[in-house]
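Residues per chain are reported as follows:
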Amino acid sequence: IDLDAILADLTERKTRWQTRQDEKTAHEKKSDELKAEMDKTVTLLESLEKDLTARRRDRDNLMKQCESLVVSRRDLFGEKNTEQEEKRLADNLNQAEKALEKARVEYGKFEKEIGALKEKIVSLKEKTGKRAIQLKQEERKLAERIGKAGFADEADYLASSLSEEERGSKLQQLADN
């Protein structure tokens with residue numbers, strides 16, 4: 001029996017196994033990061049949707065106020081000093097229109113942000129799904145390699161591996177002989 005060849009083979013196996021473990025850990029970390037980013041994006045989207053709902057409610061209230069002002073002008077003032085009252089109400093109406101336009105612009109911005117965030121969520125879900133598939137494939141490959149090496153599973157492989165101290169001791173014994 002060539003102990004050097006066995007030792008080299010075991011060392012190579014250990015190195016490959018450690019490399020695969022590192023890759024697995026990196027894939028899991030990346031997956032967790034993507035999930036966290038996705039959760040953060042979903043939370044932001046929900047917050048933006050709440051803001052949008054509030055803005056819509058404010059816009060509707062402003063439109064109702066505008067209609068109410070027009071009706072109340074006719075009821076209260078009729079034909080009394082119409083030019084002065086008309087000017088005041090026109091100014092109020094202009095302010096309300098500006099506020100409405102500003103709300104529409106903000107609404108448009110929120111709609112664009114929501115659309116972009118939804119696209120990002122879809123993209124992140126796709127990436128996470130692909131990475132999960134890759135991770136499963138890598139885990140299956142590792143299990144196959146462990147099986148080909150004659151081990152029942154990863155736990156069996158780990159149980160049969162020598163610790164650093166044991167390996168050093170065996171190498172020392174070989175060197176002494």
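Residues numbered from 1 in each chain as written. Predicted model: local features only at pLDDT ≥ 70, side-chain atom pairs only at ≥ 80, totals over all residues. Heavy atoms only, no water.

In terms of regular secondary structure, the chain is built from four helices and zero strands. Going residue by residue from the N terminus, the α and β elements of the chain occur as α-α-α-α. Over its C-alpha atoms the chain spans a radius of gyration of 35 Å, topping by over 25% the 16 Å that the globule rule assigns to 177 residues. If one aligns the C-alpha atoms of the chain with their principal axes, the spans along those axes are about 120 × 25 × 20 Å. Sequence-distant contacts in the chain: of pairs separated by 6 or more residues, those separated by 24 or more amount to 83%. Charge separation in the chain, taken as the distance between the mean sites of 38 positive and 40 negative side-chain charges, equals 5 Å. (Helix = DSSP H or I, 4+ residues; strand = E, 2+ residues; numbered from the N terminus. Rg over C-alpha atoms; globule rule 2.2 N^0.38 Å. Contact = heavy atoms within 4.5 Å. Lys, Arg positive; Asp, Glu negative; His and termini not counted. Charge placed at Lys NZ, Arg CZ, Asp CG, Glu CD.)

The biggest cluster of nonpolar side chains holds seven residues, and these are Leu45, Leu48, Leu52, Phe110, Ile114, Leu117 and Ile121. Secondary-structure elements contributing two or more residues to this core are helix H1 (3-77) and helix H2 (82-148). Considering every element that reaches this core, the biggest residue donor is H2, with four residues. If near-sequence neighbours (up to four positions away) are discounted, Ile114 is found in contact with Leu45, Leu48, Glu49 and Leu52. In terms of nonpolar packing, the next biggest core, distinct from the first, is built from five residues, Trp17, Ile146, Phe151 and Tyr157 among them. (Core = buried A, V, L, I, M, F, W, Y, C linked by side-chain atoms within 4.5 Å. Buried < 20%, exposed > 50% of the residue type's maximum accessible area, 1.4 Å probe, protein only.)

So, about a nonpolar patch on the surface. Side chains of Ile1, Leu3, Ile6, Leu10, Leu171 and Leu174 sit close together on the surface and give an oily, nonpolar patch of about 570 Å² of accessible area. Looking at the nonpolar patch, the elements that each hand over two or more residues are H1 and helix H4 (164-176). Ranked by residues supplied to the nonpolar patch, first place goes to H1 with three residues. Counting through the fold element by element, Ile6 comes out in helix H1. (Patch = residues over 30% accessible without salt bridge, like charges linked within 9 Å, V, L, I, M, F, W, Y side chains within 5 Å. Areas by Shrake-Rupley, 256 points an atom, 1.4 Å probe, with all protein chains shown as cover. Salt bridge = Lys/Arg side-chain N within 4 Å of Asp/Glu carboxyl O.)

On the secondary structure map, Leu48 appears in helix H1. The class for Leu48 is buried, based on a relative accessible area of 7%. Once residues within four sequence positions are removed from consideration, Leu48 is found in contact with Phe110, Glu113, Ile114 and Leu117.

Okay, the environment of Ser123 next. Residue placement: Ser123 occurs in helix H2. Considered as a pair, Ser123 and Arg20 are 103 residues apart in the sequence and their alpha carbons are 27 Å apart.

Time to look at the pattern of salt bridges. Counted under the stated rule, the structure contains 14 salt bridges. Note that Lys14 and Glu164 form a salt bridge whose closest N and O atoms lie 3.4 Å from each other. With a gap of 150 residues between them, Lys14 in helix H1 and Glu164 in helix H4 connect regions that are remote in the sequence. Judged by its relative accessible area of 25%, Lys14 falls in the partly exposed class.

Turning our eyes to something else, we now look at the environment of Lys130. Looking at the secondary structure, you find Lys130 in helix H2. Residue Lys130 is classed as exposed on the basis of its relative accessible area, which comes to 54%.

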